[in-house]
Amino acid sequence: MIKILVVDDHPLFREGIATLLQSTDDAELIGEATNGKEAIEMADRLNPDVILMDLNLPVLNGIDAIQSITRRKPEIGILVLTMFDDNDLVFAALKAGARGYLLKGANRTETLRAISAVSNGESIFSPQIAGRLLSYFRTGQLKETLIFPELTERERHILELIVDGKDNPEIARKLGISLKTVRNHLSNIYNKLQVANRAEAIEQARNEGMGRKF
């Protein structure tokens, strides 16, 4: 039986994982954390076999949590399960110690296979991530697949959040930054996308496909 700790700040997603694990005899959910700090504490206390880790977390982000957990308990397999497929995040997660990187939206079979692989010490990736990694090792270059590459990583995350309907205070709480910093990021986003306001930024983002994975 594979013992699973899920780390995600969205209750509906955690419920979905709980339902998925209830449908199999090979794994059980032993804990749920809502931020990176809780993840570290629960990993120490519960000793899971596998942690399903989101990256965009409050209090402490997923990358830092992965690094801390793998340094303290390298025997725990960490499978990133996120909506972000940015090249920088993929490499940061692997450098921190994650064994796999799966995009949210993966079906039941893919998710359970990934959990089993990580618990056995294997590395596993979503097909689109694996393809880009293979391309990198063959050519030394990663194919750029980002929407709005002119945005910084933080700006792109904030744009994702406003497309998802989050207001400025929610974004500030989620990312652990001030309202003023959120407003500054939004101003930069509007300038780079050449839009006048939030509604136009959301419309342009949706036209480019952003938000379809929520």
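Residues numbered from 1 in each chain as written. Predicted model: local features only at pLDDT ≥ 70, side-chain atom pairs only at ≥ 80, totals over all residues. Heavy atoms only, no water.

Chemist: What exactly am I supposed to notice about the packing of aromatic side chains here?
Modeler: In this description, an aromatic ring pair is defined by two values, namely the gap between the centres and the angle between the planes. Within the structure shown, the criterion is met by 0 aromatic pairs. Sitting over the ring of F13, K104 keeps its end group 4.3 Å from the ring centre. (Phe/Tyr/Trp six-rings, centres within 6.5 Å; stacked < 30°, edge-to-face > 60°. Lys NZ or Arg CZ within 6 Å of the ring centre and 35° of its normal.)

Chemist: Can you walk me through empty space enclosed by the protein in this structure?
Modeler: Unoccupied space between atoms shows up once a probe the size of one water molecule is rolled over them. Tallying each qualifying case throughout the model produces 1 cavity of 30 Å³ or more. Of the pockets and cavities examined, the largest cavity occupies roughly 30 Å³. Forming the boundary of the largest cavity are H10, D54, N56, M83, F84, K104 and K174. Grouping the amino acids of the lining of the largest cavity by side-chain chemistry returns 2 nonpolar, 2 polar and 3 charged. (1 Å grid on protein atoms, 1.4 Å probe; cavity = no way out; pocket = protein on both sides within 12 Å on 5 of 7 lines; lining within 4 Å. Points joined across faces, edges and corners; volume = space filled by probe spheres on them. Nonpolar A, V, L, I, M, F, W, Y, C, P; charged D, E, K, R; others polar.)

Chemist: Whenever I open this one, the pattern of salt bridges confuses me. Can you help?
Modeler: Two side chains of opposite charge can pair, provided their charged atoms sit close to one another. Considering all chains together, one arrives at 8 salt bridges under this definition. For the salt bridge of K104 with D8, the shortest nitrogen-to-oxygen distance reads 2.7 Å. Of this pair, K104 sits in the loop between β5 (100–103) and α5 (108–119) while D8 sits in the loop between β1 (2–7) and α1 (11–22), placing them 96 residues apart in sequence. Given a relative accessible area of 0%, D8 falls into the buried group. The closest approach of N and O atoms between K192 and E155, which form a salt bridge, is 2.8 Å. Taken together, the residues span a long stretch of sequence, with K192 in helix α9 (residues 179–193) and E155 in helix α7 (residues 153–163) at a distance of 37 residues. Judged by relative accessible area, which is 3%, E155 ranks as buried. (Salt bridge = Lys/Arg side-chain N within 4 Å of Asp/Glu carboxyl O. Helix = DSSP H or I, 4+ residues; strand = E, 2+ residues; numbered from the N terminus. Buried < 20%, exposed > 50% of the residue type's maximum accessible area, 1.4 Å probe, protein only.)

Chemist: Can you walk me through the sheet that holds strand β4 (residues 77–82) in this structure?
Modeler: Backbone-to-backbone hydrogen bonds join strands into a sheet, with any given pair of strands oriented parallel or antiparallel. Here 6 strands make up an open sheet; going across it, the order is β2-β1-β3-β4-β5-β6 and the pairing parallel. Two strands in the sheet have a free side with no partner beyond their single neighbour: β2 (27–33) and β6 (124–125). Of the pairings in the sheet, the one linking β1 to strand β3 (residues 50–53) comprises 4 bridges and is parallel in character. The residue of β3 that forms the bridge with V6 is L52. Here α1 sits on the sheet and contacts β1, β2, β3 and β4; the angle it forms with β2, its principal contact strand, is near 165 degrees. Packed on one face of the sheet, α5 meets β1, β3, β4, β5 and β6 and runs near 155 degrees to β4. (Pairing = 2+ DSSP bridges. Contact = heavy atoms within 4.5 Å. Axes fitted to C-alpha atoms, helices over the stretch in contact; angles between N-to-C directions.)

Chemist: How should I be thinking about the pairing of β2 in this particular structure?
Modeler: Looking along a regular strand, one sees side chains alternate from face to face of the sheet. Pairing geometry for β1 and β2, over 6 bridges, is parallel. Residue pairing for β2: I2 is matched across the bridge by A27. Once you follow β1 into α1 and on to β2, the crossover reads as right-handed. (Right-handed = clockwise from strand over helix to strand, strands pointing away.)

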